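Residue-level structure breakdown
Each chain, letter by letter, is given below.
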Amino acid sequence: MTATRFIGILRKYEKWFGIVALILISAGLYTGLVTSSADYFQGEVVRIMYVHVPFAQTAMLAYSTLFFCSIWYLWKRDAIVDNACHAAAGLALFFTAGGLITGAIWGKPTWNAWWVWDPRLTSFAIMFLTLVGYLMLRTFLDDVEKRATFAAILAIIGFIDLPIIHFSVEWWRSLHQPLSVSTRGVSIAPDMLVPFALMSFGVGILFTYMLMVRTQLLYLEHLLEAKQGRFLSEAEL
Amino acid sequence: MKRLYIRWTVLVLIFGSITCLGILRYDREVKTVSPAKVSSEGAKGELRLLGMIEAGSFVRGVEGKPTRFMLSGEGAKVAVVFSGKDEDESLRELKTIVALGKWETERKQFDASELALDPNYGFVTSAYVFSLIPLAFFLFYMERRVSLLYVMIKEEKVYQSETQA
């Protein structure tokens, strides 16, 4: 598939993802902030869950996307796939930062600490630093082929952290609460599960929409750079 | 570009209106008052009094008698009489709570009919503000940049000139 055809497909379908995400997030915010009940122990603060958990889940989804796109790039060596990797990394960093900030805000009233060196929090912070390193690496290298290859290798190595983040609450004694939805079942009240699911799917679909927009953005920037005489071999014209 | 700005203006207006309605509802139904304000200015009607149970003041109600304690906040103390039942015995000294009830000006005490946890709405609001507002800005920046790039490419005729070359 040519890059222009791929961009055309993104442009054609992106709005539907945006509309579905908007509907789900609006419904999630309404049910989460207005209709769902407060927690017995935490009180109203539990409502932070409806934004913190979707952000953290989407950060991991974004890194997984980066991982699979990196493998795809190393296999096909397609410039548009490298654009998708770059776009996924930027979005993963954004959602990871959001997850860390909202987690710190939730931690203060529940644990009486903004930050603790808990396995879940530490492994999540490592993902943040990996993504910062990934984006820095992309700015250090001028050679387009080398930049894309080294960045893809770094992203694949960094993926080791994802299972650690997911299972950290099972493997170690952790202050962070265990998984609420797992193969053992769902340990969350139904009126909390509805906004939780709406927000999780909504933010996940919003990420897909943002990925489509950002991939176009990076491709178009490269296209203009190519027009100016730089990276001419890279852009598919 | 025009469609982008119209779409985002509509979104900002919708979410701005919902936020205003939320703030109005908060002021009307959820906002708490401090013991300092109640003791100095007095108050009428149903109130939500936020404060900490003073050390040494807590007397648990037994045999039909009400629970009594002093609630402190912002440098003032107010006597609270709670006639309901503390089913789980969750009340203790130095705990921050919200007492729902009425201020009795003559007896200088607060008659609480219900007790609740400190809602910590500041933390909830901060979490949503620090996540959703940057998300909206980031999204707007990307959409605007993509629209601008399409316009620039169209004006520059990138495809045409390069393919001709």
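Chains are numbered independently. Their residues run from 1 in the order of the written sequence. Throughout, the order in which chains and ligands are written sets their labels, letters from A for the former and numbers from 1 for the latter. With pLDDT at 70 or above as the cut-off, local features in this predicted model cover only qualifying residues; side-chain atom pairs require 80 or more to be listed or tallied, and sums for whole chains, interfaces and linings still use all residues. Excluded from the side-chain calculation are hydrogens and water; included are all heavy atoms of the structure.

When you go through chain B residue by residue, the secondary structure sums to 4 helices and 5 strands. Secondary structure elements of chain B occur, N-terminal to C-terminal, as α-α-β-β-β-β-β-α-α. When we talk radius of gyration, it's over C-alpha atoms, and the globule rule is simply 2.2 Å times the number of residues to the 0.38. A compact globule built from 165 residues should have a C-alpha radius of gyration of about 15 Å, whereas chain B, at 27 Å, is more than 25% larger. A principal-axis box enclosing the C-alpha atoms of chain B has dimensions of 95 × 30 × 30 Å. Partly exposed describes any residue whose relative accessible area lies between the buried limit of under 20% and the exposed limit of over 50%, with all areas from a 1.4 Å probe on protein chains only and scaled to the type maximum. Expressed as a percentage of its 165 residues, the buried residues of chain B come to 32%. Here a residue-residue contact requires only that any non-hydrogen atoms of the pair lie within 4.5 Å. Summarising the internal contacts of chain B: among those between residues at least 6 apart in sequence, 52% fall at separations of at least 24. Here the Shrake-Rupley method, with its probe set to 1.4 Å, supplies the accessible areas, and only the displayed protein chains count as covering residues. In the structure as shown, chain B presents an accessible area of about 10,600 Å², 57% of it carried by carbon and sulfur atoms. Two residue types count as positive, namely Lys and Arg, and two as negative, namely Asp and Glu; His and chain ends fall outside the count. By convention, the charge on Lys lies at NZ, on Arg at CZ, on Asp at CG and on Glu at CD. A gap of 7 Å separates the mean positions of the 23 positive and 21 negative side-chain charges of chain B. To qualify as a helix, a DSSP run of H or I must reach at least 4 residues; to qualify as a strand, a run of E must reach at least 2; elements of each kind are numbered from the N terminus.

What follows is about the confidence of the model for chain A. One number per residue, pLDDT, summarises how confident the predictor is, and it ranges from 0 to 100. Considering every residue of chain A, the mean pLDDT works out to 90; 95% of them sit at 70 or more. Helix H2 (residues 49-76) of chain A holds the highest mean pLDDT among the elements of chain A, 96, whereas strand S1 (residues 181-182) of chain A holds the lowest, 76.

With that out of the way, let us pick up the nonpolar core. Think of a nonpolar core as a cluster: buried Ala, Val, Leu, Ile, Met, Phe, Trp, Tyr and Cys residues, connected wherever their side-chain atoms sit within 4.5 Å. Counting residues in hydrophobic clusters, the biggest one holds 77 residues, and the most contacted among them are Leu66, Phe95, Met127 and Met210 of chain A. The element contributing the most residues to this core is helix H7 (residues 190-227) of chain A, with 17 residues. Residue contacts for Met127 of chain A: discarding those within four places in its chain leaves Ala59, Met60, Tyr63, Thr96, Asp161, Leu162 and Ile165 of chain A. Leu71, Val78, Val80 and Ala99 of chain B belong to the second-largest nonpolar core, a separate cluster that totals 16 residues.

This next bit is on the packing of helix H3 (residues 79-111) of chain A against helix H4 (residues 119-140) of chain A. In a packed pair of helices, the relevant descriptors are the angle between the two axes and the axis-to-axis distance. All names here are of chain A. H4 packs onto H3 with a crossing angle of 150° between their chain directions and a minimal axis gap of 9 Å. Between H3 and H4 lies a crossing whose hand is left-handed. Only Leu121, Phe124, Ala125, Met127, Phe128, Leu131, Val132, Tyr134, Leu135 and Arg138 of H4 make contact with H3, whose side of the interface consists of Asp82, Cys85, His86, Ala89, Gly90, Ala92, Leu93, Thr96, Ala97, Gly99, Leu100 and Trp111. Note that Gly is not counted as nonpolar here; it falls among the polar residues with everything else outside the nonpolar set of Ala, Val, Leu, Ile, Met, Phe, Trp, Tyr, Cys and Pro and the charged set of Asp, Glu, Lys and Arg. Of the residues belonging to the contact of H3 with H4, the class tally is 16 nonpolar, 4 polar and 2 charged. Axis lines are fitted to C-alpha atoms, over the contacting stretch for helices. Their N-to-C directions set the angle, which ranges from 0 to 180 degrees. Two helices that cross are described as forming a left-handed crossing if the nearer one is turned anticlockwise from the farther one by less than a right angle, and a right-handed crossing if clockwise.

Before going further, it helps to examine the confidence of the model for chain B. Residues and elements named next belong to chain B. Counting all residues, the mean pLDDT for chain B is 84, and 93% of those residues have values of 70 or more. Contacts from residues 161-165, a stretch scored under 50 in pLDDT, to residues over four places away or in other chains number 5 contacts. Reported for the predicted complex are a pTM of 0.85 and an ipTM of 0.88.

Residue and element names in this part refer to chain A. Every buried residue of helix H6 (residues 161-171) is listed here: Asp161, Leu162, Ile165, Ser168 and Val169. Projected down its long axis, H6 shows its buried positions confined to an angular sector of 140°, all on one face. Looking at the buried residues of H6, the elements they touch are H2, H4 and helix H5 (144-158). Directions pointing from the helix axis toward each C-beta atom define the arc.

A few words now on the environment of Ile25 of chain A. Residues and elements named next belong to chain A. Within the element layout of this structure, Ile25 appears in helix H1 (residues 3-35). Overall, Ile25 belongs to the buried group, its relative accessible area being 12%. Considered as a pair, Ile25 and Val203 are 178 residues apart in the sequence and their alpha carbons are 6.9 Å apart. Aside from chain neighbours lying at most four places away, what touches Ile25 is Met199, Gly202, Val203 and Leu206.

Our next topic: the packing of aromatic side chains. Aromatic ring pairs are described here by two measures, namely the spacing of the ring centres and the angle between the planes. We call Phe, Tyr and Trp rings a pair once their centres come within 6.5 Å, taking the six-membered ring for Trp, and we label the pair stacked below 30 degrees between planes, edge-to-face above 60, and tilted otherwise. Tallied over the full model, the rule gives 13 aromatic pairs over all chains. Geometrically, the ring pair formed by Trp171 of chain A and Trp172 of chain A is edge-to-face, given 5.9 Å between the ring centres and 80° between the ring planes. Ring geometry for Tyr26 of chain B against Tyr121 of chain B: centres 5.8 Å apart, planes inclined by 90°, an arrangement best described as edge-to-face. On the criterion of sequence distance, the pair formed by Tyr26 of chain B in helix H1 (residues 2-30) and Tyr121 of chain B in helix H3 (residues 121-156) is long-range, its members being 95 residues apart. Overall, Tyr121 of chain B belongs to the partly exposed group, its relative accessible area being 24%. Every member of this aromatic cluster is reached through a ring pair, and the members are Phe55, Phe94 and Phe95 of chain A together with Phe138 of chain B. Note that Arg11 of chain A overlies the ring of Tyr150 of chain B, its terminal NZ or CZ placed 3.8 Å from the centroid. In this analysis the charged atom, NZ for Lys or CZ for Arg, is taken to sit over a ring once it is within 6 Å of the ring centre and within 35 degrees of the ring normal. Lys76 of chain A extends its terminal NZ or CZ atom over the ring of Trp75 of chain A, reaching a point 4.4 Å from the ring centre.

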